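# Breakdown of the fold
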Amino acid sequence: MRPRLGFGGVWVLVVLAWLAGPAMAQLPPALQAAQARLAVQPQAVELVWNGLSAGSLPIIEPVDDDSGRARVTFIYRSAPDAHGVRLDSVIAAPLARQPVTDYRRDFTLPMQRLPGTPIWWIQLEVQTDTEAVYSFLEGRGDRWIRQSDPHNPRRLRGASAESVLRLARAPDMAPIRPVLSWSDAMEAEILSSDALGRDVSLHIQSAPDAGDCAPVLVLYDAFLWGERAPARDTLHNLARDGQIPPTHLVLIDQLDPASAERAYADQVDFLARELRPWLEASGLAGADCPVILGGASRRGLVASLAALEHPDLFTGVMSLSGSYYWSPDGDEPEWLARRIPAIDAPGPRFFLAAGRLEYVETSTNGGHVMLDTNHRFAAALEAQGYAVTRHLYAGGHDVAGWRPALAAGLVDLLGED
């Protein structure tokens, strides 16, 4: 498959995989040694597995050239009755069968079995600035069971969290390191919303040492940014290092799926007419204090829509892989790019992040892939006078890429420069 020219004019990474049958595949050295031992000791599966898993998995080795790539071997031990194992990760994008209409069939990668064992493997070449989550799909009967990698200590937080592949030149971990000094959970509030017709759960982290009119970051998806990749740690770390001022955090529980039927007008009403006054009433943000809206995927789209319709209320937008391909039923794709009002006075500033691997055509985006639509939306904003930062990260549509992008966006939107 021909790689696309990506967001900001950077070529996407090239991933190579050995997907032929065992007789044709080139086994990695560790697996060659395992196969050689099993040839003379077929009963030594347990000893072989202990040797393979003695160190951290996956196995990461440099490629002997100047391409900036590493050879990554994923190894997994399944249940004895498993009929197949597939690798699920955004690094599979270059091998996807496009358009992706069946995610497991078209996007995830089949792993090979070491003959006569429950040990499965696949080897890929990946650029060394990559960070991505991954998991294994284990086929048992008519079910596919998702499993994290028990031999990789890197993983997201929370129960059953996905494993993280992190290579040598991945973004600096300092902004997203866990903060061990939190003494309690985030404050919880319930806001009764007429716009959404439900009670909205808010999770709030007030910034210690915040000055008057401190910024507020409002993010959709309390599970993602409260448990899996806690945004309060990032805010704390950046403020401690002097890269941003102390900033309050407000997490909204979820984005209502039914809002799409209303072109997200109910979400905009909630943000502008209910949440923004609540921030003032609670003392978190005065009328003239900076409030940044943000989120990933559809949540980035909604944040952008609200800021464009209410530039007097929201000073910035943090969009991570924003779904700018979206349009209401019956309308042409990329609806929001055609609805951007011109602005004379300084309006909200936009930080648009997209992953280098977000070029896969799916039945949802209809060929209007994330990289291209983010690029076109940024250009449409600039044409109407808005300040935009375009950020390309070395990953795909997952939280491993969004975590450092969030940190970069906060520095861009709130830093001294």
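Figured I'd write up the structure that's included with this text. The structure presented is a predicted model; accordingly, all values stated were derived computationally and were not measured.

### Some details on unusual backbone geometry
- The step from Leu57 to Pro58 runs through a cis peptide bond, and the omega angle for that step is 0 degrees.
- For Pro58, the location among the structural elements is in the loop between α2 (45–52) and β1 (59–62).
- Following Gln98, the chain continues to Pro99 via a peptide bond in cis, the omega torsion being 0 degrees.
- Within the element layout of this structure, Pro99 appears in the loop between β3 (84–89) and α3 (103–106).
- Its identity is not glycine, yet Tyr264 carries a phi of approximately 65 degrees, on the positive side.
- Position of Tyr264 relative to the elements: it lies in the loop between β13 (248–252) and α6 (265–282).

### With respect to the pairing of strand β6 (residues 119–127)
- Judged by how many residues are buried, β6 sits mostly within the fold: nine of nine residues are covered.
- Burial along β6 is two-sided: Ile119, Trp121, Gln123, Glu125 and Gln127 and Trp120, Ile122, Leu124 and Val126, pointing in opposite directions, are all buried.
- Bridge count for strand β2 (residues 69–77) against β6 is nine bridges, and the pairing is antiparallel. Paired with Arg69 across the two strands is Gln127, which belongs to β6.
- The pairing of strand β5 (residues 112–113) with β6 spans two bridges and is classified as antiparallel. Within the sheet, the bridge partner assigned to Arg113 lies in β6 and is Trp120.
- Hairpin connection from β5 to β6: five residues lie between these consecutive antiparallel strands, with Gly116 at a positive phi of about 80 degrees.

### Section: the packing of α6 against helix α7 (residues 298–309)
- Running from N to C, α6 and α7 point in directions that differ by 60 degrees, and their axes come no closer than 9 Å. With respect to α7, the axis of α6 lies oblique. The interaxial crossing formed by α6 with α7 has right-handed handedness. On α7, the residues that touch Gln267, Val268 and Leu271 of α6 are Val302, Leu305, Ala306 and Glu309.
- When grouped by side-chain class, the residues that make up the contact of α6 with α7 number five nonpolar, one polar and one charged.

### Observations concerning the environment of Arg157
- On the secondary structure map, Arg157 appears in the loop between β8 (143–147) and β9 (163–166).
- Among the residues examined, Arg157 registers a relative accessible area of 31% and is labelled partly exposed.
- In the structure, Arg157 is positioned 21 residues away from Pro178 in sequence and 9.7 Å away in space, judged by C-alpha atoms.
- Among all residues touching Arg157, those that are not within four sequence positions of it are Ile176, Pro178, Glu227, Arg228, Pro230 and Asp233.
- Within the local environment of Arg157, its side chain forms a polar contact with the side chain of Asp233, the two groups lying 3.0 Å apart.

### A few points about the packing of aromatic side chains
- Evaluation of the coordinates by the stated rule reveals nine aromatic pairs.
- Plain terms: the ring middles of Trp326 and Trp335 are 5.5 Å apart, the flat faces sit at 90 degrees to each other, and that makes the pair edge-to-face. Each of the two residues, Trp326 as well as Trp335, counts as buried.
- Sitting over the face of the ring of Trp182, Arg232 holds its NZ or CZ atom 4.3 Å from the ring centroid.

### Overview of the pattern of salt bridges
- All chains considered together, the criterion is met by 24 salt bridges.
- A salt bridge links Asp256 to Arg198, with the shortest nitrogen-to-oxygen separation between them at 2.7 Å. Within this pair, whereas Asp256 is found in the loop between β13 and α6, its partner Arg198 is found in strand β11 (residues 198–205), the two being separated by 58 residues in sequence.
- Classification of Asp256 as buried rests on a relative accessible area of 12%.
- When the shortest N-O distance is used, the salt bridge between Glu334 and Arg376 registers 2.7 Å. On the criterion of sequence distance, the pair formed by Glu334 in the loop between β15 (316–320) and β16 (349–355) and Arg376 in helix α8 (residues 370–383) is long-range, its members being 42 residues apart.
- Taking the relative accessible area as the measure of exposure, Arg376 reaches 38% and is therefore partly exposed.

### Quick notes on the nonpolar core
- Core analysis: the biggest nonpolar cluster contains 50 residues, and Leu271, Leu275 and Leu279 have the highest contact counts within it.
- Where this core is concerned, the elements lending two or more residues are β11, β12 (216–220), β13, α6, β14 (291–296), α7, β16 and α8.
- Among all residues touching Leu279, those that are not within four sequence positions of it are Val216, Val218, Val250, Leu284, Ala285 and Val291.
- Core analysis: the next-biggest nonpolar cluster, separate from the first, contains 33 residues, Leu249, Ala296, Val399 and Ala407 among them.

Conventions adopted
- Residues numbered from 1 in each chain as written.
- Predicted model: local features only at pLDDT ≥ 70, side-chain atom pairs only at ≥ 80, totals over all residues.
- Heavy atoms only, no water.
- Helix = DSSP H or I, 4+ residues; strand = E, 2+ residues; numbered from the N terminus.
- Buried < 20%, exposed > 50% of the residue type's maximum accessible area, 1.4 Å probe, protein only.
- Pairing = 2+ DSSP bridges.
- Axes fitted to C-alpha atoms, helices over the stretch in contact; angles between N-to-C directions.
- Parallel < 35°, antiparallel > 145°, perpendicular 65-115°, else oblique.
- Left-handed = near helix turned anticlockwise from the far one by under 90°.
- Contact = heavy atoms within 4.5 Å.
- Nonpolar A, V, L, I, M, F, W, Y, C, P; charged D, E, K, R; others polar.
- Polar contact = N/O pair within 3.5 Å; in protein donor to acceptor, adjacent residues only side chain to side chain.
- Phe/Tyr/Trp six-rings, centres within 6.5 Å; stacked < 30°, edge-to-face > 60°.
- Lys NZ or Arg CZ within 6 Å of the ring centre and 35° of its normal.
- Salt bridge = Lys/Arg side-chain N within 4 Å of Asp/Glu carboxyl O.
- Core = buried A, V, L, I, M, F, W, Y, C linked by side-chain atoms within 4.5 Å.

Remember that the coordinates give geometry; whether it matters functionally is a separate question.
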